[in-house]
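# Structure assessment
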Amino acid sequence: SAASGAVDRGALLLFTIVFVWQVPHFLAIAWVYRGDYAAAGYRVMTVAVPDGLRVARHVVAGCLLLIPVSLLPTFFGLVGAIYYVGTLIIGIMFLVFALELARLRDVPAARQLMLASLVYLPTLFVLMSLDKVAV
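Below, the structure is looked at part by part. (Residues numbered from 1 in each chain as written. Predicted model: local features only at pLDDT ≥ 70, side-chain atom pairs only at ≥ 80, totals over all residues. Heavy atoms only, no water.)

### Topic: the overall build of the chain
The secondary structure content of the chain amounts to six helices and zero strands. Reading the secondary structure of the chain in the N-to-C direction produces α-α-α-α-α-α. Along the first, second and third principal axes, the C-alpha atoms of the chain reach 50 × 30 × 20 Å. Burial statistics for the chain: of 135 residues in total, 39% are counted as buried. Residue pairs at least 24 apart in sequence account for 69% of intrachain contacts in the chain once pairs closer than 6 positions are excluded. With an accessible surface of roughly 7,600 Å², the chain has 70% of that area assigned to carbon and sulfur atoms. Within the chain, one finds 9 positive and 6 negative side-chain charges whose respective centroids are separated by 6 Å. (Helix = DSSP H or I, 4+ residues; strand = E, 2+ residues; numbered from the N terminus. Buried < 20%, exposed > 50% of the residue type's maximum accessible area, 1.4 Å probe, protein only. Contact = heavy atoms within 4.5 Å. Areas by Shrake-Rupley, 256 points an atom, 1.4 Å probe, with all protein chains shown as cover. Lys, Arg positive; Asp, Glu negative; His and termini not counted. Charge placed at Lys NZ, Arg CZ, Asp CG, Glu CD.)

Here you go:
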């Protein structure tokens, strides 16, 4: 948008990807640091619902939604098949970490999901840059 001066389809798709990605990313951070959030008096979901069931559902749902949302640039003709396959692979891997957090509901699993989220987004952007379709 900054380069073109307009909010186009590509900008909206990037916004949507980052918007959906931030849910599992933030909830993983909030799980790892929930003691700190509680001590500071913040009522994040990981503090308000300590059993982690609701957090697990939101994390898995966010990762499930992220897979088709991240594939949308391919269907709009903005990127090619390399992006599609690569993004599908990293999306499934991210989902595996989310399912592991849902199963274990502990800090090590949350930390792994947090790290996976930090790998996921830059990897997606690299794939997008390398496999963009000339418009």
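### Looking at the nonpolar core
Counting 32 residues, the largest nonpolar core has Ile-17, Phe-94 and Tyr-120 as its most contacted members. Where this core is concerned, the elements lending two or more residues are α1 (9-32), α4 (53-75), α5 (81-104) and α6 (107-130). Counting residues per element, this core draws most heavily on α6, at 10 residues. Residue contacts for Tyr-120: discarding those within four places in its chain leaves Trp-21, Leu-66, Ser-70, Thr-87, Ile-90, Gly-91 and Phe-94. (Core = buried A, V, L, I, M, F, W, Y, C linked by side-chain atoms within 4.5 Å.)

### Thoughts on the packing of aromatic side chains
Geometry of an aromatic ring pair is reported as the spacing of the ring centres plus the angle between the planes. Under the defined criterion, the tally for this structure stands at five aromatic pairs. Ring centres of Phe-26 and Tyr-37 lie 6.3 Å apart, and the angle between their planes is 70°; this geometry places the pair in the edge-to-face category. Linking Phe-26 in helix α1 with Tyr-37 in helix α2 (residues 34-40), this pair joins segments that are 11 residues apart in sequence. Look at Tyr-37 and Tyr-42: their rings are 6.2 Å apart centre to centre, the planes differ by 75°, and that puts the pair in the edge-to-face class. These aromatic residues form a ring-pair network of at least three members: Phe-26, Tyr-37 and Tyr-42. (Phe/Tyr/Trp six-rings, centres within 6.5 Å; stacked < 30°, edge-to-face > 60°.)

### Description of α5
Each full turn of the α-helix corresponds to 3.6 residues, which orients residues three or four apart in the same direction. Helix length check: α5 (24 residues) gives 35 Å between terminal C-alpha atoms against 34 Å at 1.5 Å per residue, within 8%. Where α5 is concerned, the buried positions are Tyr-83, Gly-86, Thr-87, Ile-90, Gly-91, Phe-94, Leu-95, Ala-98 and Leu-101. Where α5 is buried, its residues contact α1, α4 and α6. Following α5 by one or two positions, Arg-105 adopts a phi angle in the positive range, close to 50°. (Expected span 1.5 Å × (residues − 1).)

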